[in-house]
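Spelled out from the first residue to the last, the chains are:
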Amino acid sequence: MKKKSNGKLRGRLNVRGFEQLEGQHYMAENISSPVTNLVTIRIAWTLLCANPDWIVEALDVEGAFLQGKFRNGEVMYADVPDGMEQFYGSRKDVVLQLLVPIYGTKQAANCFYETFVEKAVRNSDVYQRSKAEPCLYYAWIDG
């Protein structure tokens, strides 16, 4: 917990995902998500520089892991973090239910990626996913 200059407290919750056990807390197929290859970025920039008429849109999501959603029926709990005992007392039987997958959990990246693909691609007639690069999405728009 940090105290800001205006007197407000600010905290960041990070779950200790290294304590999660495969099969008990997560399934192995639910923890990976694709990562863009640097070669793909270089090729895309080369094509864009060669074709100045093309429009580039890049996406950087603030708090990306907080934008993900749990799969149907998935529930996750976390111990009360250090420094928060003042709000919950010294009871050892208290846990917090997570509403969204947060940074530190093994499945957070995959949950965000699946949510992004569902919202941006599956529900859209514009963007298409590259067959060669899973993190490259494109749209051909006339005009």
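Before any of the text, the structure's been laid out above.
Residues numbered from 1 in each chain as written. Predicted model: local features only at pLDDT ≥ 70, side-chain atom pairs only at ≥ 80, totals over all residues. Heavy atoms only, no water.

**Student:** Even after reading the chapter, I still don't get the side chain of Thr105, so can you show me in this structure?
**Tutor:** One can find Thr105 in the loop between β4 (95-98) and α3 (108-122). Since its relative accessible area comes to 7%, Thr105 is described here as buried. Polar side-chain contacts of Thr105 include one of 2.9 Å to the backbone oxygen of Ile102. If we ignore the near neighbours within four places in the chain, the residues touching Thr105 are Val15, Gly17, Gln20, Met76 and Leu98. (Helix = DSSP H or I, 4+ residues; strand = E, 2+ residues; numbered from the N terminus. Buried < 20%, exposed > 50% of the residue type's maximum accessible area, 1.4 Å probe, protein only. Polar contact = N/O pair within 3.5 Å; in protein donor to acceptor, adjacent residues only side chain to side chain. Contact = heavy atoms within 4.5 Å.)

**Student:** Looking at this structure, how should I read the environment of Trp45?
**Tutor:** As for its position among the elements, Trp45 is in helix α1 (residues 38-50). Trp45 sits eleven residues away from Val56 along the chain, and the two C-alpha atoms are 9.2 Å apart.

**Student:** Hey, could you run me through the packing of aromatic side chains in this one?
**Tutor:** For any two aromatic rings, the description comes down to two numbers: the centre-to-centre distance and the angle of the planes. Taken as a whole, this structure holds two aromatic pairs when the rule is applied. Taking the centre distance of 5.7 Å and the plane angle of 75 degrees together, the rings of Phe116 and Tyr137 count as edge-to-face. With a gap of 21 residues between them, Phe116 in helix α3 and Tyr137 in strand β6 (residues 137-138) connect regions that are remote in the sequence. Residue Phe116 is classed as partly exposed on the basis of its relative accessible area, which comes to 24%. Put simply, the rings of Phe112, Phe116 and Tyr137 pair up and form one aromatic cluster. (Phe/Tyr/Trp six-rings, centres within 6.5 Å; stacked < 30°, edge-to-face > 60°.)

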